[in-house]
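What follows is the residue order along each chain.
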Amino acid sequence: MSGPLLCEGRVVVNTGAGRGLGRAHALAYAAEGAQVVVNDLGVGLDGAPGPGSPAAQVVDEIRSAGGTAVAHGGDIATTEGAASLVRTALETYGRLDTLVNNAGFLRDRMLVNLDEDDWDAVTRVHLKGHFLPLKHAAAYWRAEAKAGRRPAARVVNTSSGAGLLGSVGQGNYSAAKAGIIGLTLVAAAELGRYGVQVNAIAPAARTRMTEGAFAEAMAVPDGGSGGVFDAMAPGNVSPLVVWLGSVASAGVTGRVFEAEGGRITVMEGWRAGPGVDRASRWTPSGAGDAVLALLARAEVPGAVYGVQ
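The model shown is predicted, which means the values in this text are computed figures rather than measured ones.

The rules behind these values
- Residues numbered from 1 in each chain as written.
- Predicted model: local features only at pLDDT ≥ 70, side-chain atom pairs only at ≥ 80, totals over all residues.
- Heavy atoms only, no water.
- Core = buried A, V, L, I, M, F, W, Y, C linked by side-chain atoms within 4.5 Å.
- Buried < 20%, exposed > 50% of the residue type's maximum accessible area, 1.4 Å probe, protein only.
- Contact = heavy atoms within 4.5 Å.
- Helix = DSSP H or I, 4+ residues; strand = E, 2+ residues; numbered from the N terminus.
- Polar contact = N/O pair within 3.5 Å; in protein donor to acceptor, adjacent residues only side chain to side chain.
- Phe/Tyr/Trp six-rings, centres within 6.5 Å; stacked < 30°, edge-to-face > 60°.
- Lys NZ or Arg CZ within 6 Å of the ring centre and 35° of its normal.
- Arc of directions from axis to C-beta.
- Axes fitted to C-alpha atoms, helices over the stretch in contact; angles between N-to-C directions.
- Parallel < 35°, antiparallel > 145°, perpendicular 65-115°, else oblique.
- Left-handed = near helix turned anticlockwise from the far one by under 90°.

1. Remarks on the nonpolar core
Stage number 1. Core analysis: the biggest nonpolar cluster contains 26 residues, and Y29, V36, V38 and I62 have the highest contact counts within it.
Stage number 2. Those residues in contact with Y29, other than ones at most four positions away along the chain, are C7, V12, A34, V36, T98, V100, V156, V241, V242 and G245.
Stage number 3. Membership of the second largest hydrophobic core comes to 25 residues, among which are L134, A138, V155 and A187.

So, in structure tokens, the structure goes:
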């Protein structure tokens, strides 16, 4: 006999949910009883307009499986688009419990070839596209808390290994994904008083953004439909995202998790390593000698993705 659904009665807004990870998350939330607002602008991998409405297709999938969902096609990197996203949840379902920020696209270039427009476009959709939905959702939750209806609200942001370690050819994407981690930490600290928990994931999965750049690693394994574990299937990441967006995750906030295949890792960010205090001003050469001595005692950082 199956137990209670993890997100029964919760209303979840999921950005970039028309394909890949976002679609997998939306389907998983609906399977756990959530009412889902499926947001997707329907653009191509580079952010250019695309055909059809992937959000509507995901809504159809959810409804066909007996779930509840509504599509939203607004640009969540604009004030009006983000406001209408939250408004859609409130007007359709009367509440908002969980925000999953997932929307994004790529315009990869080495730094010397990276145009300003490509920098702006990628940082806009990833970083601003996290900030604005979070801002409008947080305003709703703060008002609820001040009215005596303290929510059990959850936010799941989407960073990347590129944001943790860097990735060659992805200066714009890596910077935006690192910024999302900083935003997550600040939001967790500021919004906890209102009953809001904010965490981030750094997923690895087969999506439009990875299957071209890492074709060999992201390939479906031979015999994938015959019982071989497909480690890069995007649905592998979704159970963690669903749990973080549920009341079961009470007390977990301000954290970053890597998720890949069947592996979940708690990431530990910048911490003070070896240090020295001279209690007076250094000379340049003295500072250099001290730094070299400290580096000899420090942990070696992880390699940037794409470095041989």
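2. Thoughts on the side chain of S167
Stage number 1. Within the fold, S167 resides in the loop between α5 (161-165) and α6 (171-191).
Stage number 2. For S167, a relative accessible area of 11% corresponds to the buried category.
Stage number 3. A distance of 2.9 Å separates a polar atom in the side chain of S167 from a polar atom in the side chain of Q170.
Stage number 4. If we skip the residues at most four places from it in the chain, S167 touches A162, S174, V304 and Y305.

3. So, the packing of aromatic side chains
Geometry of an aromatic ring pair is reported as the spacing of the ring centres plus the angle between the planes.
Stage number 1. Scanning all chains against the criterion turns up 0 aromatic pairs.
Stage number 2. Lying over the aromatic face of W282, R278 brings its terminal NZ or CZ to 5.6 Å of the ring centre.

4. Notes on unusual backbone geometry
Stage number 1. The phi dihedral of A279 is positive, around 65 degrees, even though this residue is not glycine.
Stage number 2. Structurally, A279 can be placed in the loop between β8 (263-267) and α9 (284-297).
Stage number 3. Given the relative accessible area of 72%, A279 is considered exposed.

5. A few points about helix α2 (residues 54-64)
Stage number 1. Buried within α2 are the following residues: P54, A55, V58, V59 and I62. Along the axis of α2, the buried positions cluster into a sector of 145 degrees, meaning they face one direction only. Turned more than 90 degrees off the buried face of α2, the exposed positions are Q57 and S64.
Stage number 2. One or two steps after α2, the chain reaches G66, where phi turns positive at roughly 95 degrees.

6. Re the environment of H136
Stage number 1. Here H136 lies in helix α4 (residues 116-146).
Stage number 2. Along the primary structure H136 and S84 are separated by 52 residues, whereas in three dimensions their C-alpha atoms are 9.2 Å apart.
Stage number 3. In this view, H136 contacts T79, A82, A83 and V86; residues no more than four positions away in its chain are not counted.

7. Digging into the packing of α4 against α6
To describe two helices that pack against each other, one gives the angle between their axes and the distance between the axes.
Stage number 1. Look at α4 against α6: their axes get within 8 Å of each other, and the N-to-C directions meet at 15 degrees. By the angle class used here, α4 and α6 are roughly parallel. For α4 against α6, the interelement crossing comes out right-handed. Residue-level contacts link D118, W119, V122, T123, H126, L127, H130, F131, L134 and A138 of α4 to G171, N172, Y173, A175, A176, K177, G179, I180, L183, A187 and L191 of α6.

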